[in-house]
Amino acid sequence: MARDFKLIFSISLLLLLLDCCYGGKVGVCYGRSADDLPTPDKVVQLIKQHNIKYVRIYDYNSQVLKAFGNTSIELMIGVPNSDLIAFSQFQSNVDSWLKNSVLPYYPTTKITYITVGAESTDDLHNNASFFVVPAMQNVLTGLKKVGLSRRIKVSTTLSLGILSRSFPPSAGAFNSSYAYFLRPMLEFLAENQSPFMIDLYPYYAYRDSPNNVSLDYVLFESSSEVIDPNTGFLYKNMFDAQVDALYFALTALNFRTIKIMVTETGWPTKGSPKEKAAASPDNAETYNTNIIRHTVTNQGTPAKPGEAMNVYIFSLFNENRKAGLDSERNWGLFYPDQTSVYQLDFTGKNSGFQSNSSGTNSSGNSNSWCIASSKASERDLKGALDWACGPGNVDCTAIQPSQPCFQPDTLVSHASFVFNSYFQQNRATDVACSFGGAGVKVNKDPSYDKCIYITAGGNKTKATNATSLNSSASTSQGNKLSTWTLRLCLVILLFSLQTLNSQAF
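Everything numeric in this text was worked out from a predicted model, so none of it was measured. (Residues numbered from 1 in each chain as written. Predicted model: local features only at pLDDT ≥ 70, side-chain atom pairs only at ≥ 80, totals over all residues. Heavy atoms only, no water.)

### Quick word on the sheet that holds strand 2 (residues 54-56)
What counts, and what does not: In this analysis, strands are considered paired if DSSP registers two or more bridges between them. Counting from the N terminus, the helices are the DSSP runs of H or I reaching at least four residues and the strands are the DSSP runs of E reaching at least two. All axes are obtained by fitting lines to C-alpha atoms, using only the stretch in contact for helices, and the reported angles, taken between N-to-C directions, cover 0 to 180 degrees. Throughout, a residue-residue contact means that at least one pair of heavy atoms, one from each residue, lies within 4.5 Å.
Spatial strand order, 1-2-3-4-5-8-11-12: eight strands in a closed barrel with parallel pairing. Within the sheet, the average angular offset between the axes of one strand and its neighbour, ignoring direction, is 25°. Note that strand 8 (residues 196-199) and strand 11 (residues 260-265) share four bridges and pair parallel. Residue pairing in the sheet places F196 in a bridge with I260 of strand 11. Sitting on the sheet, helix 6 (residues 129-145) is in contact with strand 4 (111-118) and strand 5 (153-159), with an inclination near 160° to strand 5. The strands touched by helix 11 (residues 281-296) are strand 1 (26-29), strand 11 and strand 12 (311-313); relative to strand 12, the strand with the most contacts, the crossing angle is about 160°.

Below is the structure:
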């Protein structure tokens, strides 16, 4: 009995610790468009040596799948665009593919995602996007038949070209010419809780417009900010701006629950003459180091502060068979001889890192509050207040007539309470109090009478204004805390049961 209890206790404690350590995941893309790469077995050893735990491949090569067996590395495999027609036309084609090319390696090889098509809207020659959704549906049906539809998520990867507008981020909108494909694809993702997979490359924005885009801005090194005039959000890097443009585009179509996963991003180390100013080992090291740290510290974006997001770095190796400019063949983190092109810490735990990627503190300050600035114009305050009570998901009940924070009935007073609610619900980060300059952080509690201004922990919230924080305003951090608490209770319960059981004997 004691041995059984120890096992149960250990498992429960492990679940508890795993939940505490939850964060954004960093993976690497393993492309193989080259004729000088090491064998898959050696590649897996290299990946393990550098503590890389998430890998994306672009097909379902049997040697590669076998090499990842018994490693615990989570693998994302791909259905190439060339297979889309066959996969979309007949379910039997998908069933045979699963039986012969996937299931023989699962679960020894830990396959967690299947991408059906890659940047299909850019593949105009083959009209690939027309076949993506039917192929996705058939792959999901095939997984359901073998009981794996909940263990392996199905999605597709897209380029930023899916947007017709990406700046300012709040005006992000999908290209209407892809409507035939986009809405059914988004409905599939929402119904099956699959992520929206996007390939993002701020590098290209700088390369193509170096006079209009700051290099520091795309490298996460900017000391200045770009403001979104509609929301007041401040952006210190282009990556966050591009991600938020996608979030706003999804929200505009009422797909608020879909999570975004960045399946490719990176920086080349070498380029053709027109790329020399951008493509270099130093810039590549800076960008990839900062994107890794930005991800693992759960900084999120100005529109989604503190929200975890998974990111895959492109690419593991330089690929000498790729066509196009020189940069296309020089995105690798490693040379074919497995030596590093530059040093990169995949854990993102370098103590010397100072984040300024989105103007936030990574943890916030529970001893500070956010109120309306006395210097803000009435127009700015009203615009920020309306946004916070709408898209910002703040419950503004407490500032309504007869509620505890209605008096004094002034714009500054109402805005202050709402600004603070948004600020605290989003981990009390600096950017969550910006509101385009209309918000300001203070260290003195602005609570008065029965109007209590909450703090990040929520410990100061009283029953008098409990209605100001309903469940719809809860953040992902709150959900994780609830899960953590539940699992702690489970551990305590199991321990109590064991104590009673011991006493009985």
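### Here's the deal with unusual backbone geometry
For the bond from F314 to S315, the omega torsion is 5°, close enough to zero to count as cis. Take S315: it is sitting in the loop between strand 12 and strand 13 (369-372). A cis amide bond links Q407 to the next residue, P408, at an omega of -5°. Inspection of the secondary structure puts P408 in the loop between helix 12 (378-389) and helix 13 (411-425). With a phi close to 60°, N70 is a non-glycine residue in the positive phi region. In this structure, N70 sits in the loop between helix 3 (62-67) and strand 3 (74-79).

### Here we look at the packing of helix 6 against helix 7 (residues 179-192)
The line we're drawing: Here roughly perpendicular refers to angles of 65 to 115 degrees, roughly parallel to angles under 35, roughly antiparallel to angles over 145, and oblique to all remaining angles. Crossing handedness: left-handed means the near helix sits turned counterclockwise from the far one by under a right angle, and right-handed means the same turn made clockwise. Only Asp, Glu, Lys and Arg are considered charged in this grouping, and only Ala, Val, Leu, Ile, Met, Phe, Trp, Tyr, Cys and Pro are considered nonpolar; every other residue, Gly among them, is considered polar.
As a packed pair, helix 6 and helix 7 sit with axes 8 Å apart at the nearest point and diverge in direction by 20°. With respect to their mutual orientation, helix 6 and helix 7 come out roughly parallel. Of the two elements, helix 6 crosses helix 7, and the hand of that crossing is left-handed. Together, S129, F130, V132, V133, M136, Q137 and L140 of helix 6 and Y180, F181, P184, M185, F188, L189 and N192 of helix 7 make up the contact between the two elements. Residues that form the contact of helix 6 with helix 7 fall into these classes: eleven nonpolar, three polar and no charged.

### Thoughts on the pairing of strand 1
Note the cut-off: Partly exposed residues are those whose accessible area sits between 20% and 50% of the maximum for their type, while under 20% is buried and over 50% is exposed, using a 1.4 Å probe and protein chains only. We call a crossover right-handed when, viewed with the strands running away from us, the connection from the first strand over the helix to the second turns clockwise.
Residue alternation in strand 1 divides its side chains into two sets, V26 and V28 and G27 and C29, and both sets are buried. Here strand 1 runs beside strand 12; their pairing, made up of three bridges, is parallel. Residue pairing in the sheet places G27 in a bridge with Y312 of strand 12. When strand 1 meets strand 2, the two strands line up parallel, connected through two bridges. Following the sheet pairing, V28 is matched in strand 2 by V55. Between the parallel elements strand 1 and strand 2, the chain passes through helix 2 (residues 40-49) in a crossover that is right-handed.

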